[in-house]
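Below, each chain spelled out in residue letters.
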Amino acid sequence: PSPSSSTPGAEQREKQYRVHRGFGDRRGGVISARTYFYADEAKCDQHMETFLRCIDASGGSSEDGFSAIKLTALGRPQFLLQFSEVLVKWRRFFHQMAAEQGQAGRAALEMKLEVEKLQEALAHLGIATKAESQHWFTGENLGVSGTVDLLDWNSLIDSRTKLSKLLLVPNMQTGQLEPLLSHFTEEEELQMKRMLQRMDVLAKRATEKGVRLMVDAEQSYFQPAISRLTLEMQRRFNRDRAIIFNTYQCYLKEAYDNVTVDIELSRREGWRFGTKLVRGAYMEQERERAAQIGYEDPINPTYEKTNEMYHRCLDYILEEIKHSRKANVMVASHNEDTVKFTLRRMVELGIHPSEKKVYFGQLLGMCDQITFPLGE
(Lines give C-alpha, C1' and ligand atoms only; values in the text may rest on other atoms or scores of the structure.)
Protein backbone atom coordinates (compact mmCIF):
# COMPACT_ATOMS: atom_id res chain seq x y z
CA PRO A 1 0.00 0.00 0.00
CA SER A 2 1.04 3.58 -0.45
CA PRO A 3 1.80 5.56 2.74
CA SER A 4 -1.36 7.62 2.32
CA SER A 5 -3.58 4.56 2.04
CA SER A 6 -2.40 2.98 5.29
CA THR A 7 -1.65 6.09 7.35
CA PRO A 8 -3.86 9.14 6.75
CA GLY A 9 -1.79 12.23 6.06
CA ALA A 10 1.47 10.26 5.93
CA GLU A 11 2.74 11.86 2.75
CA GLN A 12 1.92 15.30 4.07
CA ARG A 13 3.77 14.82 7.33
CA GLU A 14 7.12 15.12 5.57
CA LYS A 15 6.32 18.74 4.75
CA GLN A 16 6.26 19.52 8.43
CA TYR A 17 10.00 18.94 8.69
CA ARG A 18 11.15 21.01 5.74
CA VAL A 19 12.69 24.43 6.01
CA HIS A 20 10.15 27.11 5.11
CA ARG A 21 11.40 30.64 4.55
CA GLY A 22 8.10 32.19 5.59
CA PHE A 23 8.52 30.77 9.08
CA GLY A 24 12.23 31.39 9.46
CA ASP A 25 11.42 34.00 12.11
CA ARG A 26 9.82 31.75 14.72
CA ARG A 27 8.70 34.68 16.88
CA GLY A 28 5.54 35.14 14.81
CA GLY A 29 2.46 34.50 16.94
CA VAL A 30 4.58 33.56 19.97
CA ILE A 31 4.38 35.86 22.98
CA SER A 32 5.00 33.41 25.83
CA ALA A 33 8.26 31.67 24.91
CA ARG A 34 11.83 32.72 24.22
CA THR A 35 13.03 32.18 20.64
CA TYR A 36 16.68 31.67 19.70
CA PHE A 37 18.23 32.19 16.28
CA TYR A 38 21.32 30.45 15.00
CA ALA A 39 24.01 33.02 14.25
CA ASP A 40 27.17 30.96 14.58
CA GLU A 41 28.87 28.46 16.87
CA ALA A 42 30.33 31.21 19.05
CA LYS A 43 26.82 32.44 19.85
CA CYS A 44 25.80 28.92 20.85
CA ASP A 45 28.77 28.82 23.21
CA GLN A 46 27.59 32.09 24.74
CA HIS A 47 24.13 30.62 25.28
CA MET A 48 25.71 27.58 26.95
CA GLU A 49 27.65 29.83 29.32
CA THR A 50 24.44 31.66 30.18
CA PHE A 51 22.73 28.36 30.93
CA LEU A 52 25.67 27.29 33.10
CA ARG A 53 25.36 30.47 35.16
CA CYS A 54 21.65 29.80 35.58
CA ILE A 55 22.37 26.26 36.79
CA ASP A 56 24.93 27.60 39.26
CA ALA A 57 22.48 30.22 40.54
CA SER A 58 19.73 27.64 40.96
CA GLY A 59 22.06 25.25 42.77
CA GLY A 60 23.22 28.00 45.10
CA SER A 61 19.76 29.16 46.08
CA SER A 62 17.88 25.89 46.62
CA GLU A 63 18.45 22.27 47.49
CA ASP A 64 15.87 21.27 44.89
CA GLY A 65 16.48 23.75 42.13
CA PHE A 66 15.37 23.67 38.51
CA SER A 67 16.87 25.25 35.42
CA ALA A 68 15.55 25.22 31.85
CA ILE A 69 17.33 25.15 28.50
CA LYS A 70 16.31 25.24 24.83
CA LEU A 71 18.16 23.09 22.34
CA THR A 72 17.70 25.63 19.54
CA ALA A 73 20.02 27.85 21.59
CA LEU A 74 22.77 25.23 21.50
CA GLY A 75 23.07 24.41 17.81
CA ARG A 76 21.82 24.84 14.33
CA PRO A 77 18.04 24.16 14.15
CA GLN A 78 18.47 22.64 10.66
CA PHE A 79 19.91 19.53 12.30
CA LEU A 80 16.85 19.22 14.55
CA LEU A 81 14.57 19.45 11.51
CA GLN A 82 16.45 16.75 9.62
CA PHE A 83 16.70 14.38 12.54
CA SER A 84 13.02 14.89 13.39
CA GLU A 85 12.06 13.83 9.88
CA VAL A 86 14.18 10.70 10.21
CA LEU A 87 12.48 9.72 13.45
CA VAL A 88 8.99 10.41 12.11
CA LYS A 89 9.56 8.38 8.94
CA TRP A 90 11.03 5.49 10.89
CA ARG A 91 8.03 5.46 13.25
CA ARG A 92 5.62 5.83 10.35
CA PHE A 93 7.03 2.73 8.68
CA PHE A 94 6.36 0.78 11.90
CA HIS A 95 2.72 1.93 11.83
CA GLN A 96 2.44 0.95 8.17
CA MET A 97 3.67 -2.54 8.98
CA ALA A 98 1.26 -2.69 11.93
CA ALA A 99 -1.62 -1.75 9.61
CA GLU A 100 -0.54 -4.56 7.26
CA GLN A 101 -0.89 -6.94 10.20
CA GLY A 102 -4.39 -5.69 11.07
CA GLN A 103 -3.43 -3.46 14.00
CA ALA A 104 -4.37 -0.03 12.66
CA GLY A 105 -5.96 2.24 15.24
CA ARG A 106 -4.41 0.62 18.30
CA ALA A 107 -2.55 2.62 20.94
CA ALA A 108 1.17 2.92 20.22
CA LEU A 109 2.28 0.46 22.89
CA GLU A 110 -0.40 -2.08 21.97
CA MET A 111 0.95 -2.56 18.45
CA LYS A 112 3.17 -5.65 18.21
CA LEU A 113 4.53 -6.82 14.89
CA GLU A 114 4.97 -10.53 14.37
CA VAL A 115 8.60 -10.94 13.39
CA GLU A 116 7.92 -13.74 10.89
CA LYS A 117 5.29 -11.70 9.06
CA LEU A 118 7.48 -8.59 9.15
CA GLN A 119 10.38 -10.47 7.58
CA GLU A 120 8.08 -11.89 4.92
CA ALA A 121 6.79 -8.39 4.14
CA LEU A 122 10.33 -7.04 3.79
CA ALA A 123 11.21 -9.89 1.48
CA HIS A 124 8.02 -9.40 -0.57
CA LEU A 125 8.87 -5.72 -1.04
CA GLY A 126 12.33 -6.68 -2.26
CA ILE A 127 13.94 -4.78 0.58
CA ALA A 128 15.73 -7.65 2.28
CA THR A 129 15.63 -11.41 2.14
CA LYS A 130 14.45 -13.22 5.24
CA ALA A 131 18.03 -14.24 5.95
CA GLU A 132 19.26 -10.67 5.49
CA SER A 133 16.67 -9.17 7.81
CA GLN A 134 17.00 -11.86 10.45
CA HIS A 135 19.99 -10.15 12.06
CA TRP A 136 17.85 -7.05 12.66
CA PHE A 137 15.80 -8.93 15.22
CA THR A 138 18.43 -10.54 17.40
CA GLY A 139 19.73 -9.72 20.82
CA GLU A 140 18.92 -10.37 24.45
CA ASN A 141 15.34 -9.12 24.21
CA LEU A 142 14.65 -7.86 20.70
CA GLY A 143 12.31 -10.23 18.91
CA VAL A 144 12.77 -13.04 21.44
CA SER A 145 9.03 -13.08 22.09
CA GLY A 146 8.34 -13.40 18.39
CA THR A 147 7.00 -9.84 18.25
CA VAL A 148 8.46 -6.37 17.92
CA ASP A 149 6.82 -3.36 19.56
CA LEU A 150 7.49 0.33 18.96
CA LEU A 151 10.28 0.50 21.55
CA ASP A 152 12.00 -2.50 19.97
CA TRP A 153 11.61 -0.85 16.60
CA ASN A 154 13.09 2.44 17.81
CA SER A 155 16.07 0.59 19.25
CA LEU A 156 16.99 -0.57 15.75
CA ILE A 157 18.06 3.00 14.97
CA ASP A 158 20.38 2.87 17.98
CA SER A 159 21.92 -0.46 17.07
CA ARG A 160 22.13 -0.16 13.29
CA THR A 161 22.97 3.47 12.65
CA LYS A 162 24.62 6.62 13.87
CA LEU A 163 22.98 10.01 13.70
CA SER A 164 25.50 11.31 11.20
CA LYS A 165 25.42 8.28 8.89
CA LEU A 166 23.16 7.58 5.97
CA LEU A 167 19.82 6.25 7.25
CA LEU A 168 17.70 4.02 5.04
CA VAL A 169 14.04 3.11 5.32
CA PRO A 170 11.75 1.25 2.92
CA ASN A 171 9.52 3.32 0.62
CA MET A 172 6.21 1.47 0.59
CA GLN A 173 5.34 2.77 -2.87
CA THR A 174 8.54 1.79 -4.66
CA GLY A 175 9.66 -1.09 -2.46
CA GLN A 176 13.14 0.39 -2.40
CA LEU A 177 15.41 1.46 0.42
CA GLU A 178 15.72 5.22 0.33
CA PRO A 179 17.92 7.62 2.28
CA LEU A 180 16.19 9.51 5.04
CA LEU A 181 19.02 11.92 5.61
CA SER A 182 21.64 13.11 3.19
CA HIS A 183 25.24 12.96 4.28
CA PHE A 184 26.24 15.90 6.43
CA THR A 185 28.99 18.13 5.19
CA GLU A 186 32.09 18.22 7.35
CA GLU A 187 30.95 21.51 8.88
CA GLU A 188 27.44 20.16 9.57
CA GLU A 189 29.00 17.11 11.21
CA LEU A 190 30.97 19.40 13.52
CA GLN A 191 27.87 21.49 14.29
CA MET A 192 25.97 18.38 15.32
CA LYS A 193 28.80 17.15 17.55
CA ARG A 194 29.10 20.56 19.21
CA MET A 195 25.39 20.60 20.05
CA LEU A 196 25.70 17.20 21.71
CA GLN A 197 28.84 18.32 23.55
CA ARG A 198 27.09 21.42 24.91
CA MET A 199 24.18 19.28 26.13
CA ASP A 200 26.68 17.01 27.87
CA VAL A 201 28.42 19.94 29.59
CA LEU A 202 25.10 21.29 30.90
CA ALA A 203 23.89 17.89 32.12
CA LYS A 204 27.15 17.26 33.99
CA ARG A 205 27.01 20.68 35.66
CA ALA A 206 23.38 20.13 36.67
CA THR A 207 24.34 16.76 38.19
CA GLU A 208 27.21 18.35 40.13
CA LYS A 209 24.97 21.11 41.48
CA GLY A 210 21.98 18.88 42.24
CA VAL A 211 19.81 20.89 39.85
CA ARG A 212 17.05 19.38 37.73
CA LEU A 213 17.62 20.36 34.10
CA MET A 214 14.41 20.84 32.14
CA VAL A 215 14.74 20.67 28.36
CA ASP A 216 11.99 22.90 27.00
CA ALA A 217 9.67 21.75 24.25
CA GLU A 218 9.66 23.81 21.07
CA GLN A 219 7.85 23.80 17.72
CA SER A 220 6.45 20.41 16.70
CA TYR A 221 8.77 20.15 13.70
CA PHE A 222 11.80 20.23 16.04
CA GLN A 223 10.25 18.21 18.86
CA PRO A 224 10.90 14.59 17.79
CA ALA A 225 14.65 15.32 17.69
CA ILE A 226 14.59 17.36 20.90
CA SER A 227 12.76 14.59 22.75
CA ARG A 228 15.06 11.91 21.39
CA LEU A 229 18.23 13.77 22.37
CA THR A 230 16.75 14.49 25.81
CA LEU A 231 15.95 10.81 26.19
CA GLU A 232 19.60 9.99 25.51
CA MET A 233 20.61 12.33 28.36
CA GLN A 234 18.02 10.71 30.65
CA ARG A 235 19.49 7.30 29.92
CA ARG A 236 22.89 8.55 31.08
CA PHE A 237 22.09 10.91 33.94
CA ASN A 238 18.80 9.66 35.45
CA ARG A 239 20.07 6.40 36.92
CA ASP A 240 19.92 7.33 40.61
CA ARG A 241 17.62 10.36 40.51
CA ALA A 242 15.73 12.37 37.93
CA ILE A 243 18.16 15.06 36.82
CA ILE A 244 17.02 15.53 33.21
CA PHE A 245 13.36 16.45 32.63
CA ASN A 246 11.78 16.19 29.19
CA THR A 247 8.83 18.47 28.33
CA TYR A 248 5.55 17.24 26.85
CA GLN A 249 3.12 19.64 25.17
CA CYS A 250 -0.42 18.48 25.84
CA TYR A 251 -1.96 20.57 23.08
CA LEU A 252 -0.38 18.06 20.67
CA LYS A 253 -2.61 15.22 19.50
CA GLU A 254 0.19 12.70 20.05
CA ALA A 255 1.07 13.78 23.62
CA TYR A 256 -0.38 10.75 25.42
CA ASP A 257 1.35 8.26 23.11
CA ASN A 258 4.66 10.08 23.64
CA VAL A 259 4.31 10.06 27.43
CA THR A 260 3.32 6.39 27.67
CA VAL A 261 6.03 5.19 25.28
CA ASP A 262 8.78 7.05 27.14
CA ILE A 263 7.59 5.88 30.56
CA GLU A 264 7.61 2.31 29.31
CA LEU A 265 11.17 2.78 28.04
CA SER A 266 12.26 4.08 31.46
CA ARG A 267 10.74 0.97 33.06
CA ARG A 268 12.55 -1.42 30.73
CA GLU A 269 15.91 0.32 31.01
CA GLY A 270 15.71 1.16 34.71
CA TRP A 271 16.20 4.92 34.72
CA ARG A 272 14.17 7.64 36.42
CA PHE A 273 11.47 9.30 34.37
CA GLY A 274 11.34 13.09 34.74
CA THR A 275 9.01 15.44 32.93
CA LYS A 276 7.61 18.92 32.79
CA LEU A 277 4.02 18.88 31.58
CA VAL A 278 2.78 21.96 29.73
CA ARG A 279 -0.12 22.83 27.48
CA GLY A 280 2.00 24.55 24.82
CA ALA A 281 3.16 27.96 23.66
CA TYR A 282 3.12 27.87 19.85
CA MET A 283 -0.50 27.16 18.92
CA GLU A 284 -1.16 30.13 16.64
CA GLN A 285 2.12 29.69 14.78
CA GLU A 286 1.73 25.91 14.51
CA ARG A 287 -1.72 26.15 12.97
CA GLU A 288 -0.75 28.88 10.53
CA ARG A 289 2.31 26.94 9.38
CA ALA A 290 0.31 23.72 8.91
CA ALA A 291 -2.32 25.53 6.86
CA GLN A 292 0.18 27.35 4.64
CA ILE A 293 2.52 24.43 3.99
CA GLY A 294 -0.24 21.82 3.78
CA TYR A 295 0.04 19.22 6.52
CA GLU A 296 -2.30 18.11 9.29
CA ASP A 297 -2.69 20.53 12.19
CA PRO A 298 -0.79 18.85 15.07
CA ILE A 299 -2.77 20.74 17.74
CA ASN A 300 -5.89 19.46 19.52
CA PRO A 301 -8.98 21.09 18.03
CA THR A 302 -10.35 22.67 21.23
CA TYR A 303 -9.27 23.91 24.63
CA GLU A 304 -11.39 21.17 26.21
CA LYS A 305 -9.51 18.49 24.25
CA THR A 306 -6.19 19.94 25.35
CA ASN A 307 -7.36 20.08 28.96
CA GLU A 308 -8.50 16.46 28.70
CA MET A 309 -5.13 15.48 27.25
CA TYR A 310 -3.24 17.30 30.00
CA HIS A 311 -5.16 15.55 32.78
CA ARG A 312 -4.91 12.18 31.01
CA CYS A 313 -1.11 12.46 30.71
CA LEU A 314 -0.75 13.80 34.24
CA ASP A 315 -2.87 11.02 35.71
CA TYR A 316 -0.79 8.39 33.91
CA ILE A 317 2.40 9.86 35.41
CA LEU A 318 0.88 10.08 38.89
CA GLU A 319 -0.15 6.42 38.64
CA GLU A 320 3.44 5.60 37.68
CA ILE A 321 4.69 7.47 40.76
CA LYS A 322 2.26 5.49 42.92
CA HIS A 323 3.40 2.13 41.56
CA SER A 324 7.16 2.66 41.14
CA ARG A 325 8.13 5.89 42.98
CA LYS A 326 10.64 6.37 40.11
CA ALA A 327 8.81 9.07 38.15
CA ASN A 328 8.87 12.82 38.75
CA VAL A 329 6.66 15.53 37.28
CA MET A 330 6.66 19.31 37.12
CA VAL A 331 3.05 20.49 36.77
CA ALA A 332 3.51 23.66 34.71
CA SER A 333 -0.09 24.29 33.89
CA HIS A 334 -1.00 27.99 34.36
CA ASN A 335 -4.34 26.56 35.44
CA GLU A 336 -6.11 26.54 38.79
CA ASP A 337 -8.32 23.54 38.03
CA THR A 338 -5.29 21.46 37.06
CA VAL A 339 -3.52 22.33 40.30
CA LYS A 340 -6.58 21.25 42.27
CA PHE A 341 -6.87 18.09 40.15
CA THR A 342 -3.23 17.24 40.92
CA LEU A 343 -3.61 17.80 44.66
CA ARG A 344 -6.74 15.67 44.77
CA ARG A 345 -5.12 12.81 42.85
CA MET A 346 -2.01 12.97 45.05
CA VAL A 347 -4.20 12.43 48.10
CA GLU A 348 -6.14 9.60 46.43
CA LEU A 349 -2.94 7.85 45.32
CA GLY A 350 -1.06 8.35 48.58
CA ILE A 351 1.67 10.58 47.14
CA HIS A 352 2.93 12.86 49.92
CA PRO A 353 4.61 16.21 49.12
CA SER A 354 7.60 15.22 51.26
CA GLU A 355 8.50 12.58 48.67
CA LYS A 356 9.36 15.39 46.24
CA LYS A 357 7.94 13.56 43.24
CA VAL A 358 5.46 16.25 42.18
CA TYR A 359 6.44 19.88 41.64
CA PHE A 360 4.45 22.94 40.65
CA GLY A 361 5.74 25.69 38.39
CA GLN A 362 4.45 28.49 36.17
CA LEU A 363 1.33 28.78 38.31
CA LEU A 364 0.80 32.52 38.08
CA GLY A 365 2.69 33.59 34.99
CA MET A 366 -0.22 33.51 32.57
CA CYS A 367 -3.36 33.39 34.72
CA ASP A 368 -5.10 35.24 37.51
CA GLN A 369 -3.73 34.71 41.00
CA ILE A 370 -5.04 31.58 42.67
CA THR A 371 -5.33 30.63 46.32
CA PHE A 372 -5.91 27.25 47.88
CA PRO A 373 -5.18 25.65 51.29
CA LEU A 374 -1.64 24.26 51.23
CA GLY A 375 -2.68 21.42 53.48
CA GLU A 376 -5.08 19.91 50.98
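By convention here, each chain's residues receive numbers from 1 onward along its written sequence. Given that the model is predicted, a residue must reach a pLDDT of at least 70 before its local features are reported, and side-chain atom pairs must reach 80 or more before they are shown or counted; all residues, however, enter totals for whole chains, interfaces and linings. The basis for every side-chain value is the complete set of non-hydrogen atoms in the structure, without hydrogens or water.

Asker: For the packing of aromatic side chains, give the residues involved together with the corresponding values.
Answerer: Note on aromatic pairs: the rings of Phe, Tyr and Trp (six-membered ring only in Trp) are paired at centre separations within 6.5 Å, and the planes decide the class, stacked below 30 degrees, edge-to-face beyond 60, tilted for the rest. As enumerated under the stated definition, the model contains 5 aromatic pairs in all. Aromatic side chains phenylalanine 66 and tyrosine 359 sit 4.9 Å apart centroid to centroid with 75° between the ring planes, which places their arrangement in the edge-to-face category. Placement of the pair is phenylalanine 66 in strand β1 (residues 66-69) and tyrosine 359 in strand β10 (residues 358-360), with a sequence separation of 293 residues. Centroid distance tyrosine 221 to phenylalanine 222: 4.9 Å. Interplanar angle 55°. Geometry classified as tilted. As far as burial versus exposure is concerned, tyrosine 221 and phenylalanine 222 are alike and both buried. Ring pairing ties together the aromatic residues Phe66, Phe245 and Tyr359, which thus form one cluster. Consider the ring centre and the ring normal. A charge sits over the ring if Lys NZ or Arg CZ is within 6 Å of that centre and within 35 degrees of that normal. Stacked on the ring of tyrosine 221, the Lys or Arg arginine 289 has its end atom at 3.7 Å from the ring centre. Counting from the N terminus, the helices are the DSSP runs of H or I reaching at least four residues and the strands are the DSSP runs of E reaching at least two. The buried label applies to any residue whose accessible area, calculated with a 1.4 Å probe on protein chains only, is under 20% of its type's maximum; exposed applies above 50%, and partly exposed to all values in between.

Asker: Please set out the nonpolar core residue by residue, giving values where relevant.
Answerer: Leu277 and Val329 are the most contacted members of the largest nonpolar core, which has 42 residues in total. Only α4 (77-100), α5 (115-124), α7 (150-160), α10 (255-269), β8 (273-278), α12 (303-324), β9 (327-331) and α13 (336-349) provide two or more residues apiece to this core. Broken down by element, the residue count for this core peaks at 7 residues, all from α12. We call two residues contacting when some pair of their heavy atoms lies within 4.5 Å. Among all residues touching valine 329, those that are not within four sequence positions of it are Phe245, Thr275, Leu277, Leu314, Ile317, Leu318, Ile321, Lys357, Val358 and Tyr359. By size, the runner-up hydrophobic cluster in this structure holds 35 residues, among which are Leu81, Phe83, Val211 and Ile243. Residues belong to a common nonpolar core when they are buried Ala, Val, Leu, Ile, Met, Phe, Trp, Tyr or Cys residues joined through side-chain atoms within 4.5 Å.

Asker: Break down the packing of α12 against α13 for me, with residues and values.
Answerer: Where α12 contacts α13, the axes come no closer than 11 Å and their chain directions differ by 25°. Classified by the interaxial angle, the pair formed by α12 and α13 is roughly parallel. The two elements α12 and α13 cross, and the hand of that crossing is right-handed. Side by side, α12 and α13 meet where Asn307, Tyr310, His311, Leu314, Asp315, Leu318, Glu319 and Lys322 of the first sit next to Thr338, Phe341, Thr342, Arg345 and Leu349 of the second. For the contact of α12 with α13, the class distribution of residues is 5 nonpolar, 4 polar and 4 charged. With axes taken as lines fitted to C-alpha atoms, and helix axes fitted only over the stretch in contact, angles between N-to-C directions fall between 0 and 180 degrees. Angles are sorted into four bins: roughly parallel if under 35 degrees, roughly antiparallel if over 145, roughly perpendicular if 65 to 115, and oblique for all others. Left-handed is the label given to a crossing in which the near helix is rotated counterclockwise from the far helix by less than a right angle, and right-handed is the label when the rotation is clockwise. Here the nonpolar group is Ala, Val, Leu, Ile, Met, Phe, Trp, Tyr, Cys and Pro; Asp, Glu, Lys and Arg are the charged ones; every other residue, Gly included, is treated as polar.

Asker: So what's going on with the side chain of arginine 235? Residues and values would help.
Answerer: Summarising the element assignment, arginine 235 is placed in helix α9 (residues 223-237). We call two N or O atoms a polar contact when they sit within 3.5 Å, provided that within protein one can donate a hydrogen and the other can accept it, with sequence-adjacent residues counted only if both atoms are side-chain atoms. Side-chain polar atoms of arginine 235 contact the side chain of glutamate 269, separated by 2.8 Å.

Asker: Residue-level account of the confidence of the model for the protein, with values.
Answerer: pLDDT is defined as a per-residue confidence score from the predictor, taking values between 0 and 100. With 74% of its residues at a pLDDT of at least 70, the protein reaches an overall mean of 80. Between residues 1-13, whose pLDDT stays under 50, and residues either more than four places distant or in other chains, the model counts 22 contacts.

Asker: Quick rundown of the environment of serine 333? Include the residues and the values.
Answerer: Here serine 333 lies in the loop between β9 and α13. Given a relative accessible area of 3%, serine 333 falls into the buried group. Between the alpha carbons of serine 333 and valine 278 there is a distance of 5.6 Å; along the sequence they are 55 residues apart.

Asker: Lay out the side chain of asparagine 307 with the relevant residues and their values.
Answerer: One can find asparagine 307 in helix α12. Separated by 2.4 Å, the side chains of asparagine 307 and arginine 279 make a polar contact. Sequence-distant contacts of asparagine 307, defined by excluding residues within four places in its chain, comprise Arg279 and Thr338.

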